[in-house]
Amino acid sequence: MVQLQWLYLYSNRLTGSIPPSIGNLVQLQWLHLYSNQLTGSIPSSIERLVQLTDLGLYDNQLRGSIPSSIGNLLQLQWLDLNDNQLTGSIPPSIGNLVQLQFVQLYSNQLRGSIPPSIGNLVQLQWLELYSNQLTGSIPSSIANLVLLTDLKLYSNQLTGSIPSQVWQLPLSYLYLFDNHLN
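First, a word on scope: everything that follows refers to the structure included in this document.

Calculation criteria
Residues numbered from 1 in each chain as written. Predicted model: local features only at pLDDT ≥ 70, side-chain atom pairs only at ≥ 80, totals over all residues. Heavy atoms only, no water. Helix = DSSP H or I, 4+ residues; strand = E, 2+ residues; numbered from the N terminus. Buried < 20%, exposed > 50% of the residue type's maximum accessible area, 1.4 Å probe, protein only. Contact = heavy atoms within 4.5 Å. Areas by Shrake-Rupley, 256 points an atom, 1.4 Å probe, with all protein chains shown as cover. Lys, Arg positive; Asp, Glu negative; His and termini not counted. Charge placed at Lys NZ, Arg CZ, Asp CG, Glu CD. Core = buried A, V, L, I, M, F, W, Y, C linked by side-chain atoms within 4.5 Å. Pairing = 2+ DSSP bridges. Axes fitted to C-alpha atoms, helices over the stretch in contact; angles between N-to-C directions. Polar contact = N/O pair within 3.5 Å; in protein donor to acceptor, adjacent residues only side chain to side chain. Salt bridge = Lys/Arg side-chain N within 4 Å of Asp/Glu carboxyl O. Phe/Tyr/Trp six-rings, centres within 6.5 Å; stacked < 30°, edge-to-face > 60°. Lys NZ or Arg CZ within 6 Å of the ring centre and 35° of its normal.

1. Some points on the overall build of the chain
Helix and strand counts for the chain stand at zero helices and 14 strands. Seen through its principal axes, the chain has C-alpha atoms that stretch 50 × 25 × 25 Å. Counting the 182 residues in the chain, one finds 46% classified as buried. When contacts within the chain are restricted to residue pairs at least 6 apart in sequence, long-range pairs at least 24 apart make up 43% of them. By element, 48% of the accessible surface of the chain is carried by carbon and sulfur atoms, the whole surface being about 8,300 Å². On the chain, the mean spot of the 5 positive side-chain charges and the mean spot of the 8 negative ones are 9 Å from each other.

2. Re unusual backbone geometry
Note: most peptide bonds trans; most residues except glycine with negative phi. Look at Ser107: it is not a glycine, yet its phi comes out positive at around 55 degrees. Its location among the elements puts Ser107 in the loop between β7 (102–104) and β8 (111–112). Relative accessible area serves as the criterion here: at 23%, Ser107 is assigned to the partly exposed category. With a phi angle near 55 degrees, Ser155 is a residue other than glycine that sits in the positive phi range. Relative to the elements of secondary structure, Ser155 occurs in the loop between β11 (150–152) and β12 (159–160).

3. Focus on the nonpolar core
Residues Leu31 and Leu55 are the most contacted members of the largest nonpolar core, which totals 46 residues. Apart from the residues lying within four places of it in its own chain, the contact partners of Leu55 are Leu31, Ile46, Ile70, Leu76, Trp78, Leu79, Asp80 and Leu81.

4. Here we look at the sheet that holds strand β9 (residues 126–128)
What links the strands of a sheet is backbone hydrogen bonding, and the strands pair in either a parallel or an antiparallel sense. The eight strands lie next to each other as β1-β3-β5-β6-β7-β9-β11-β13, forming an open sheet whose pairing is parallel. The strands lining the two open edges of the sheet, one partner per strand, are β1 (6–8) and β13 (173–175). Ignoring strand direction, the axes of neighbouring strands in this sheet form an average angle of 10 degrees. The sheet contact formed by β7 and β9 spans three bridges and is parallel. Within β9, the position partnered with Val103 by the bridge is Leu127.

5. A few points about the side chain of Ser45
Along the chain, Ser45 falls in the loop between β4 (37–39) and β5 (54–56). A polar contact of 2.6 Å, which involves the side chain of Ser45, links it to the backbone oxygen of Pro20. Those residues within four positions of Ser45 in sequence are excluded, and the remaining contacts are Pro20, Ile22 and Gly23.

6. Points about the pattern of salt bridges
Evaluation of the coordinates by the stated rule reveals two salt bridges. Notably, a salt bridge pairs Lys152 with Glu128, separated by 3.6 Å at the nearest N-O pair. Remark: Glu128 occurs in strand β9 and Lys152 occurs in strand β11; sequence separation between them is 24 residues. Each of the two residues, Lys152 as well as Glu128, counts as buried.

7. Some remarks on the packing of aromatic side chains
Tallied over the entire structure, the rule returns 15 aromatic pairs. A centroid spacing of 6.3 Å and a plane angle of 90 degrees characterise the contact between Tyr173 and Tyr175, whose relative ring orientation is edge-to-face. Residue class for Tyr173 comes out partly exposed when judged on its relative accessible area of 42%. Stacked on the ring of Tyr173, the Lys or Arg Lys152 has its end atom at 5.2 Å from the ring centre.

Keep in mind that these numbers describe shape and distance, not what the molecule does.
What follows is the structure in structure tokens.
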């Protein structure tokens, strides 16, 4: 199975944790385990999946933080971890993932600020971080996201003003309600 490139086990009744041995599937490009009943944390061994372009772990019961080693997945284009119970902050290493086009981390329990390194993701089209407990201001580096069409940061605890650069982006969807913005 070391040659496996696509692993689709979504929409089943899988339980338990994601085994650390998942990191042995070094040729994996697509990993879809969403809509199961997986628990535990995202294994740090995921950092070895350097060919991964699509990571879908959403709609499970995953806990713990997003490992900073996720920043090693330099080919990643789609990061979908929403609808879990993830805690901690968004790791600044996410800014290493310059191929990312879609980031969906909504409906977790993420805290802390949106890292300014998010501005490195110049291919990003969707940034969906809503329904968390994020604080601080919207980073001005968001101005670098010139392909962004979907910015959903609502239902957090964000403060400060909306960066004027936001109005220059090609957004189709801008949802910032239910924060503490001024």
